[in-house]
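# What the coordinates show
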Amino acid sequence: VGDDAGLVIRRARLIFSGNVSDNLYIYVQPDLASSAGDTGSVAQLRDFYGDIAFDSKKEYRLRVGLSKIPYSFENLQSSQNRLSLDRNDALNSCCRDERDFGAFFYWAPAAKREMFSELVKSGLKGSGDYGVVALGAYNGQGANRAERNNNMHMVARFTWPFKTESGQFYEYGVQAISGRFATTTSGSVRSDRDYTDQRVAFHAVVYPQPWGFQAEWQWGEGPELNARGNRIEKNSLNGGYIQAMHRTEDFYGYGTVIPFIKYQNYNGGMKFQTNSPSTNVNDWEFGVEWQPKKEIELTLVWQRYNRNDVTRSPYREFKSDVLRAQLQYNF
């Protein structure tokens, strides 16, 4: 969208991980393709945490450091496992970069941990192992950003993956966050600075075998610029997405092909943007992912944007058709 478009490296991440002992697992992930102003290819920390296990099966874990916040299904999906190039605006608006500094307790029976792993390794687009039950506290201002008040955000999540006798995988869950968020303003916009930030959401997944379905929706309240554009106020928010897909594991001998269609909607404030502008998103995506080999993915997406520009005042509405392509290799 806009002029001067060209090739770009969206992500360049290396993972360093391993078991220090039977009770401590370390995970470090820098991103070499972050940006700072107009400068690209800047190194920035994405994850740095330790998993402290309380039992030999590692069913009970405490994750401490910079990591993903256990909220939403799509937020927890890595780009390697996610079909859509971008996460939906509604649930992603809760957590900038999906990460923050915090401590999270995870519990999952050993059988469910194996299932989480299988759903990723088999190419069924799982979200990874973030426990059946997750509870935690985190700063709330976003990854690599200093906390700006004395209030911690709290998060709770429950998800249940299961397999029927036919071999079909399903997963359902619910999650919630609660805290107070410190906004940023510019110009003559007035703000109380601290605002209630509360959300609850559900997710439902039918894994693509070969047909799949994925949906999430959330409701809550948070900071939002009022209609007059002169003050940030507490307001309600809601939105989510639905996605349908079909997975052909051997497409005439040319690898795995997964076409998909996605609709997303969001009505609410974008709290991480200056002035917490109000937005109304009604987007469609039509795409296909091709994996000629397991380690190579080519994704082609046609997106129909119907939203407003939340990056600059006066936050004008626009409609646009965009064709995007992404080549991803994993090693």
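See the structure above.
Now for a look at the structure at hand. (Residues numbered from 1 in each chain as written. Predicted model: local features only at pLDDT ≥ 70, side-chain atom pairs only at ≥ 80, totals over all residues. Heavy atoms only, no water.)

## Points about the overall build of the protein chain
A tally of regular secondary structure across the protein chain gives two helices and 15 strands. Computed over the C-alpha atoms, the radius of gyration of the protein chain is 20 Å, within 12% of the 20 Å expected from 2.2 N^0.38 for a compact globule of 331 residues. Seen through its C-alpha atoms, the protein chain measures out along the principal axes to roughly 60 × 45 × 40 Å. Every one of the 331 residues in the protein chain was classed for burial, and the buried ones make up 47%. Taking contacts inside the protein chain between residues at least 6 apart in sequence as the whole, the part at least 24 apart equals 57%. Accessible surface for the protein chain amounts to roughly 16,300 Å². Of this, 55% is attributable to carbon and sulfur atoms. (Helix = DSSP H or I, 4+ residues; strand = E, 2+ residues; numbered from the N terminus. Rg over C-alpha atoms; globule rule 2.2 N^0.38 Å. Buried < 20%, exposed > 50% of the residue type's maximum accessible area, 1.4 Å probe, protein only. Contact = heavy atoms within 4.5 Å. Areas by Shrake-Rupley, 256 points an atom, 1.4 Å probe, with all protein chains shown as cover.)

## Quick look at the pattern of salt bridges
Summed over the entire model, instances satisfying the criterion amount to 24 salt bridges. Between Arg-61 and Asp-129 there is a salt bridge; the shortest N-O distance is 3.3 Å. Of this pair, Arg-61 sits in strand E4 (residues 60-68) while Asp-129 sits in the loop between helix H2 (110-121) and strand E6 (133-138); the two residues are 68 residues apart in sequence, bridging distant segments of the chain. Accessibility assignment for this pair places Arg-61 and Asp-129 in one class, buried. A salt bridge links Arg-247 to Glu-249; the shortest N-O distance between them is 3.8 Å. On the basis of relative accessibility, which here comes to 12%, the residue Arg-247 falls in the buried class. Take Glu-249: its relative accessible area is 55%, and that puts it in the exposed class. A single salt-bridge network, built from bridges that share partners, covers Arg-13, Asp-31, Arg-46, Asp-97 and Arg-145. (Salt bridge = Lys/Arg side-chain N within 4 Å of Asp/Glu carboxyl O.)

## Describing H2
Taking 1.5 Å as the rise per residue, H2 with 12 residues should run 16 Å; its terminal C-alpha atoms sit 17 Å apart, in good agreement. Structurally, H2 contributes buried residues whose contacts are with strand E7 (153-163) and strand E8 (169-182). Phi for Gly-123, located one or two positions after H2, is positive at around 80 degrees. (Expected span 1.5 Å × (residues − 1).)

## Things to note about unusual backbone geometry
That bond from Gln-209 to Pro-210 is cis: its omega, 0 degrees, falls within 30 degrees of zero. Residue placement: Pro-210 occurs in the loop between strand E9 (194-206) and strand E10 (211-225). Ser-313 connects to Pro-314 through a cis peptide bond whose omega is 10 degrees. Tracing the backbone through its elements, the reader meets Pro-314 in the loop between strand E14 (296-308) and strand E15 (317-329). The phi dihedral of Lys-58 is positive, around 60 degrees, even though this residue is not glycine. By secondary structure assignment, the location of Lys-58 is in the loop between strand E3 (39-53) and E4.

## Some thoughts on the nonpolar core
One finds Ile-69, Tyr-71, Phe-104, Tyr-138, Val-155, Ile-177 and Tyr-266 to be the most contacted residues of the largest nonpolar core, which totals 20 residues. Taken together, the elements giving at least two residues each to this core come down to helix H1 (89-92), strand E5 (99-107) and E6. Excluding residues within four positions of it along the chain, Tyr-266 makes contact with Asp-89, Ala-90, Ser-93, Arg-199, Gln-218, Leu-237, Asn-238, Gly-239, Thr-279, Asn-280 and Val-281. (Core = buried A, V, L, I, M, F, W, Y, C linked by side-chain atoms within 4.5 Å.)

## Section: the pairing of E3
Pairing between strand E2 (residues 24-36) and E3: 10 bridges, direction antiparallel. The residue bridging Ala-36 from the neighbouring strand is Thr-39, located in E3. By the bridge criterion, six bridges tie E3 to E4 in an arrangement that is antiparallel. Bridge pairing in E4 links Tyr-49 to Gly-65. (Pairing = 2+ DSSP bridges.)

## A word on empty space enclosed by the protein
Rolled over the atoms, a probe with the dimensions of a water molecule shows which regions are left empty. Tallying each qualifying case throughout the model produces two cavities of 30 Å³ or more. Around the largest cavity sit Arg-10, Ser-79, Arg-82, Leu-83, Ser-84, Leu-85, Glu-289, Glu-297, Thr-299 and Gln-326, which together line it. For the lining of the largest cavity, a count of residues per class yields two nonpolar, four polar and four charged. Of the pockets and cavities examined, the second largest cavity occupies roughly 30 Å³. Around the second largest cavity sit Ile-69, Cys-94, Cys-95, Arg-96, Asp-100, Tyr-138, Gly-140, Gly-142, Lys-271 and Phe-272, which together line it. Here the residues of the lining of the second largest cavity sort into five nonpolar, two polar and three charged. (1 Å grid on protein atoms, 1.4 Å probe; cavity = no way out; pocket = protein on both sides within 12 Å on 5 of 7 lines; lining within 4 Å. Points joined across faces, edges and corners; volume = space filled by probe spheres on them. Nonpolar A, V, L, I, M, F, W, Y, C, P; charged D, E, K, R; others polar.)

## Here's the deal with the layout of surface pockets
The calculated volume of the second largest pocket comes to roughly 300 Å³. Residue assignment for the lining of the second largest pocket shows that the elements contributing at least two residues are E10 and strand E13 (278-293). With three residues, the single largest contributor to the lining of the second largest pocket is E13.

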